[in-house]
Amino acid sequence: MTSANHLSSQVSFEKDAALVSQLLNDLQSEQSALVSADLDTIEQMVDKRVELLQALGAAANARYDALAAAGFEPNEQGMSAWLKKQSSTVLEQAWVSFQQKLVQAKELNRLNGILINKNFQRNQEKLDALNGKSAAPQFYGKNGQTHRADTARGSYSV
């Protein structure tokens, strides 16, 4: 078996596509859990996510090893060069679809990060309120010391 045929047998994208589809479903579920503040679901998803990302990494490493063995760069450029040599519309479409799903997963992950940050900020504000800390911004006075915007410079009584 030539190295090109060996690579062809290893590069079907079926496993990769299935893993990315699972990741997309996982990220969408995480987003729903973040919106509804379902902490139990979010906690359960952490271990699953780690396993899923490890499987995706292993699939990418296997693909890159096969590319290197076939004389191509073990990276995305090597993959593109290999695909051009194959002249296979099916493989090219599968690769493009795989790449598009990865872009979707990155975007969902970015959005989930924003939701996590907003939840964190909201929780921090609640903790600050419980601890009696004011959320009013601080300003520097003429003497270089900070003071809160909500402190009055003088008091008026009626």
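Coordinates for the structure precede this section.
The following paragraphs examine the structure supplied in this document. Note that residues are indexed from 1 along each chain, following the sequence as it is written. Where totals are concerned, whole chains, interfaces and linings use all residues; where local detail is concerned, this predicted model gives features only for residues with pLDDT of at least 70, and gives and counts side-chain atom pairs only at 80 or more. The basis for every side-chain value is the complete set of heavy atoms in the structure, and neither hydrogens nor water enter the calculation.

### A closer look at the overall build of the chain
Then, in step 1: Within the chain one finds five helices and two strands.
Then, in step 2: Beginning at the N terminus, the succession of helices and strands in the chain can be written as α-α-α-α-α-β-β.
Then, in step 3: In this scheme, a residue with accessible area under 20% of its type's maximum is buried, one over 50% is exposed, and one in between is partly exposed, where area comes from a 1.4 Å probe on protein chains only. Within the chain, the proportion of its 158 residues that are buried is 25%.
Then, in step 4: Partitioning the contacts of the chain with sequence separation of at least 6, the portion at a separation of at least 24 is 56%.
Then, in step 5: Accessibility throughout is a Shrake-Rupley quantity obtained with a 1.4 Å probe, and a residue counts as covered only by protein chains that appear here. For the chain, the accessible surface area stands at approximately 11200 Å², while carbon and sulfur atoms represent 53% of it. A helix here means a DSSP run of H or I that spans at least four residues, while a strand means a run of E at least two residues long, and both kinds are numbered starting from the N terminus. Any two residues whose heavy atoms approach within 4.5 Å are treated as being in contact.

### Re helix H3 (residues 39–69)
Then, in step 1: With 31 residues, H3 extends 45 Å between its outermost C-alpha atoms, agreeing within 8% with the 45 Å of an ideal straight helix rising 1.5 Å per residue.
Then, in step 2: Each residue is assigned a bend, namely the angle between axes fitted to the seven residues that terminate at it and the seven residues that start at it. Where H3 bends most, at Val46, the angle is about 30°.
Then, in step 3: What H3 keeps buried is the set Ile42, Met45, Arg49, Leu52, Leu56, Ala59, Ala60, Arg63, Tyr64, Ala66 and Leu67.
Then, in step 4: Just past H3, the residue Gly71 takes up positive phi, approximately 90°. Expected span of a helix: the number of residues minus one, times 1.5 Å.

### Regarding the packing of H3 against helix H4 (residues 76–86)
Relative orientation and spacing of two packed helices are given, respectively, by the angle between their axes and the distance between those axes.
Then, in step 1: Helix axes are fitted to C-alpha atoms over the stretch in contact, other axes to C-alpha atoms as well, and angles between N-to-C directions run from 0 to 180 degrees. Contact geometry of H3 with H4 gives a least axis separation of 10 Å together with a crossing angle of 60°. Classified by the angle between their axes, H3 and H4 sit oblique to one another. Crossing angle aside, the handedness with which H3 passes H4 is left-handed. Contact residues: Arg63, Tyr64 and Leu67 in H3; Glu76, Gly78, Met79 and Trp82 in H4.
Then, in step 2: Taken together, the residues of the contact of H3 with H4 break down into four nonpolar, one polar and two charged. Convention used here: angles under 35 degrees read as roughly parallel, angles over 145 as roughly antiparallel, angles from 65 to 115 as roughly perpendicular, and any remaining angle as oblique. It is the rotation of the near helix from the far one that decides the hand of a crossing: anticlockwise by less than a right angle makes it left-handed, clockwise makes it right-handed. Each residue is assigned to one class: nonpolar for Ala, Val, Leu, Ile, Met, Phe, Trp, Tyr, Cys and Pro, charged for Asp, Glu, Lys and Arg, and polar for all the others, Gly among them.

### A short note on the packing of aromatic side chains
Then, in step 1: Under the pairing criterion, centres of Phe, Tyr and Trp rings, with the six-membered ring standing for Trp, must be within 6.5 Å; the plane angle then separates stacked pairs below 30 degrees from edge-to-face pairs above 60, leaving the rest tilted. For the structure shown, the criterion picks out one aromatic pair.
Then, in step 2: Taking the centre distance of 5.6 Å and the plane angle of 35° together, the rings of Trp95 and Phe98 count as tilted. Of this pair, Trp95 and Phe98 both sit in helix H5 (residues 89–130), separated by three residues, roughly a single helical turn. Each member of the pair, Trp95 as well as Phe98, is classed as buried.
Then, in step 3: We count a charge as sitting over a ring when the NZ of a lysine or the CZ of an arginine lies within 6 Å of the ring centre and within 35 degrees of the ring normal. Here the basic side chain of Arg63 rests over the ring of Tyr64, its NZ or CZ set 5.7 Å away from the ring centre.

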